[in-house]
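Chain by chain, the residues run as shown.
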Amino acid sequence: MTEKPTLDAWQAAAAKEVKGRDLTWQTPEGIAVKPLYTAADVEGIDPGLPGFAPFTRGVRASMYAGRPWTIRQYAGFSTAEASNAFYRRNLAAGQKGLSVAFDLATHRGYDSDHPRVTGDVGKAGVAIDTIDDMKILFDGIPLDKMSVSMTMNGAVIPILAFFIVAGEEQGVPQALLDGTIQNDILKEFMVRNTYIYPPAPSMRIISDIIAYTSTHMPKFNSISISGYHMQEAGATQLQELAFTIADGREYAKAAMASGLDLDAFAGRLSFFFAIGMNFFMEVAKLRAARKLWHRVMTDLGAKDERSKMLRTHCQTSGVSLTEQDPYNNVIRTTVEAMAAMLGGTQSLHTNALDEAIALPTDFSARIARNTQIVLQEETGMTKVVDPLGGSYYIEALTEELVDKAWEIIQRVEAEGGMAQAVAAGWPKAMIEEASAGRAARVDKGEDVIVGVNKYKLAEQDPIDILDVDNVAVRESQIARIARSKAGRDEAKCTAALDALREGARGTTNVLALAVECARQRATLGEISSAMEDVFGRYDTVPTPVSGIYGGAHEFDAAWQGLKEGVVSLETRNGRKPRMLVAKMGQDGHDRGANLVSSAFGDLGFDVVPGPLFQTPSEAAKLAIESDVDVVGASSLAAGHKTLIPELIGHLREAGRGDIKVIAGGVIPAQDYQVLRDAGVQGIFGPGTNLVEAAGEVLRLLGHNMPPVEEVSE
């Protein structure tokens, strides 16, 4: 009889095969992943059964064997008419639920005719200014039969009011409306930045929405607590997990403090997670999230087991998509979709291959949707409940994530809760440090991205992209606003807005008051402005981290050469080279801008991190007042063809055409010539190596240094 091999025997055999090299992998979360897991690693761990507390293995006993997850593609662009046609095509082709993307002007509570949003209207989502827009958006889509998810946080009150009234005017009572509103403002203050009001009134708005929907909309999820945007901003999966659960705890406590019974609303709370390329970590993260939420809700006093179930939507990662060799993105999205499925998501959005550079075309959206259909219909993966349950590795990893996330959650509670932590800024700082560390590893080639820093194509093949005519969309929206205002009873509209203003000063439910404003044809901007008159508008200036990116490159010859170049320019000019990192328009995603600020600051540049949401004229004024040498304009929401030429025009009009302007971010190659013709002197698209970009900027500023590749050699 052959003797059973021991663990020692395996270790000896493995060491011999790899010549003694340590195969343990240290993850960004600080978890040491061993090359082999055995029964000893899961001793004492009981994952339970699907459908039973603590729901580690899934919230339903049958999971996908009984019913697959919902295919819920997130989409919206241009006008309500264009988005409605897109929705109808997708629903006819197998999509099961709607998820609405709004443009940035809408997110920030501005009507399309507001001067601050000239470059934003219709570009990164659908423009919604009036109840008429909302009715057109769902024309022919029965709201008593279709589940609708809406990603909205800042202008959540007017958007939800419009949705309710659109249902009424379809003949659908509020009690039959089914879906989810994101309504997660804490993560906006932490990473995404599409807020409007300060934290305190923003939390009051959330409580009012939970109270209203609990009473009038029993099928509707009043909040989707989102970790997705944390991971997109650079958070590790551990940080995303811990801060998302901590946010959920804060919202539950806020609703309870306003007098609501926990079990009356907790069953309608839902979650939203990103799914990136760390496959097994993502599977374990969703399992750990369910276990942690059960613990949190038990601690808060929930009695109903439904209150303790974490139900989640997931979306494959946007930040993992690449502009370079973009068809690799189909593979990435498939892998991520499988991780979401094996982790037990309730619904899923799969990103399209071209979303690193633009909104998806019909061609790419069909591939993204069919990725899910193929997984459901062809692979047999839905036949078994929790197929990875019992895996030594998965169970051990799940438990480690639970323990490490709980440490962070306890720190949050010890320091006064998540609202206090967000105000103190340490969660945001943790995420930005993780983001800078990740960027440095990618730029050094330590984290491989196929087609970007390894196996690169000699030439990139162009792909078709969706290009929204921002000017035409804005003109059509302005005309619709005018028609809506002309057809309403102005006295009744004014009275409804005045009542909302007074309710905001007092304690009346602001959503109930906004619903009446929507019935009287008040615009989104008017409803938002009425509350802003009372609550104020919140603004922040980014504070980039230092030492993380530069520390990772400390011993690189290329990096040292760049630092010497900065010193040389300082010696020649009598001061350090100075850069304004500008964020124009209403896009609050500042990961790229913060990375640039961090990297150039570590090199020795004087960096002026511009405030979010500037207009081109404000950015030009700040550039001149700060006496910068170069402006780096960060664009992630397709406003670059409007905003950056305006910036250059203002600089020239002020006699400062000598200030160089470079552009970076999500900029399709097809737009490069337009920007160059406008005077842009350097363009750095998605996946740009920041070390190489810094070399180009130094050459623009007149330092005659060799390309980074030559220094590296």
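Residues numbered from 1 in each chain as written. Predicted model: local features only at pLDDT ≥ 70, side-chain atom pairs only at ≥ 80, totals over all residues. Heavy atoms only, no water.

A.B. asks: Would you mind going over the packing of helix α23 (residues 557-573) against helix α24 (residues 591-603) with me for this structure?
C.D. replies: Between two packed helices, what matters for the description is the angle formed by their axes and the separation of those axes. Where α23 contacts α24, the two axes come as close as 9 Å, and the packing angle between them is 75°. In terms of orientation, α23 lies roughly perpendicular with respect to α24. Between α23 and α24, the residues in contact are Trp 559, Leu 562, Lys 563 and Val 566 and Ala 599, Asp 602 and Leu 603, respectively. A breakdown of the residues in the contact of α23 with α24 according to their chemical character gives five nonpolar, no polar and two charged. (Axes fitted to C-alpha atoms, helices over the stretch in contact; angles between N-to-C directions. Helix = DSSP H or I, 4+ residues; strand = E, 2+ residues; numbered from the N terminus. Parallel < 35°, antiparallel > 145°, perpendicular 65-115°, else oblique. Contact = heavy atoms within 4.5 Å. Nonpolar A, V, L, I, M, F, W, Y, C, P; charged D, E, K, R; others polar.)

A.B. asks: For this particular structure, what's the right way to read helix α18 (residues 470-486)?
C.D. replies: Because an α-helix packs 3.6 residues into every turn, residues spaced three or four apart end up facing the same way. Its 17 residues place the ends of α18 24 Å apart at the C-alpha level, agreeing with the 24 Å of an ideal helix rising 1.5 Å per residue. Among the residues making up α18, those that are buried are Asn 470, Val 473, Arg 474, Gln 477, Arg 480, Ile 481 and Ser 484. Mapping the buried residues of α18 onto a view down its axis gives an arc of 125°, with all of them on the same face. For α18, exposure combined with an orientation more than 90 degrees from the buried face picks out Val 471, Glu 475, Arg 483 and Ala 486. (Expected span 1.5 Å × (residues − 1). Buried < 20%, exposed > 50% of the residue type's maximum accessible area, 1.4 Å probe, protein only. Arc of directions from axis to C-beta.)

A.B. asks: Can you walk me through the nonpolar core in this structure?
C.D. replies: Note that soluble globular proteins tend to have their nonpolar side chains buried in a common cluster. By size, the foremost hydrophobic cluster in this structure holds 80 residues, and its most contacted members are Ile 245 and Met 418. It is helix α12 (residues 279-300) that provides the largest number of residues to this core, a total of 12 residues. Setting aside chain neighbours within four positions, we find Met 418 in contact with Leu 186, Met 190, Phe 243, Ala 246, Asp 247, Glu 250, Val 412 and Pro 427. In terms of nonpolar packing, the next biggest core, distinct from the first, is built from 58 residues, Phe 102, Ile 131, Ile 181 and Ala 518 among them. (Core = buried A, V, L, I, M, F, W, Y, C linked by side-chain atoms within 4.5 Å.)

A.B. asks: Mind showing me how you'd approach the domain arrangement of the chain here?
C.D. replies: Size of an interface, as often reported, equals the accessible area lost when the parts are brought together. Domain assignment breaks the chain into domain 1 (42-68 + 182-444) and domain 2 (548-701). For domain 1 versus domain 2, the separation of C-alpha centres amounts to 34 Å. With 27 residues of domain 1 in contact, the opposing surface of domain 2 contributes 26 residues. Between domain 1 and domain 2, a total of about 1900 Å² is buried, with carbon and sulfur atoms accounting for 53% of that surface. Ranking the residues of domain 1 by area buried against domain 2 places Glu 323, Asp 443 and Lys 444 at the top, with a combined share of 27%. Put simply, domain 1 and domain 2 have one salt bridge between them. For Asp 590, the salt bridge identified is with Lys 428, shortest N-O distance 3.6 Å. In this structure, the connection of domain 1 to domain 2 is made through 10 residue pairs in polar contact (both at pLDDT 80 or more). When contributions to the side of domain 1 that touches domain 2 are tallied by element, the ones reaching two or more residues are α7 (186-192), α9 (228-232) and α17 (426-444). The biggest single contributor to the side of domain 1 that touches domain 2 is α17, with 11 residues. Class assignment of the residues belonging to the side of domain 1 that touches domain 2 gives a composition of 10 nonpolar, eight polar and nine charged. (Domains from an automatic or database assignment. Buried area = accessible area lost by both parts, 1.4 Å probe. Salt bridge = Lys/Arg side-chain N within 4 Å of Asp/Glu carboxyl O. Polar contact = N/O pair within 3.5 Å; in protein donor to acceptor, adjacent residues only side chain to side chain.)

A.B. asks: Even after reading the chapter, I still don't get the pairing of strand β9 (residues 269-275), so can you show me in this structure?
C.D. replies: Moving residue by residue along a regular strand, the side chains alternate between the two faces of the sheet. Taken across its seven residues, β9 has seven buried, putting it largely inside the fold. Here β9 shows two buried faces, one formed by Leu 269, Phe 271, Phe 273 and Ile 275 and the other by Ser 270, Phe 272 and Ala 274. Bridge count between strand β8 (residues 223-226) and β9: four bridges; the pairing is parallel. Note on β9: the bridge partner recorded for Ile 223 is Leu 269. Summarising the sheet, β9 and strand β10 (residues 312-316) pair through five bridges and their orientation is parallel. Bridging from a neighbouring strand, Phe 272 pairs with His 313 of β10. Crossover connection from β9 via α12 to parallel β10: handedness right-handed. (Pairing = 2+ DSSP bridges. Right-handed = clockwise from strand over helix to strand, strands pointing away.)

A.B. asks: Before we go on, may I ask you to explain the confidence of the model for the chain in this structure?
C.D. replies: For any part of a model where pLDDT is low, the fine detail of the predicted coordinates should not be relied upon. Scored by pLDDT, the chain comes out at a mean of 91, with 98% of its residues at no less than 70. In this model, residues 708-713 is a region of pLDDT below 50 whose contacts with residues beyond four sequence positions or in other chains number 10 contacts. (pLDDT = per-residue confidence, 0-100.)

A.B. asks: Which parts of the structure should I look at to understand the layout of surface pockets?
C.D. replies: To locate leftover empty space, one rolls a probe as large as a water molecule over the atoms. As a volume, the second largest pocket reaches approximately 350 Å³. Looking at the lining of the second largest pocket, the elements that each hand over two or more residues are α7, α16 (418-424) and α17. Class assignment for the residues of the lining of the second largest pocket results in 12 nonpolar, four polar and three charged. (1 Å grid on protein atoms, 1.4 Å probe; cavity = no way out; pocket = protein on both sides within 12 Å on 5 of 7 lines; lining within 4 Å. Points joined across faces, edges and corners; volume = space filled by probe spheres on them.)

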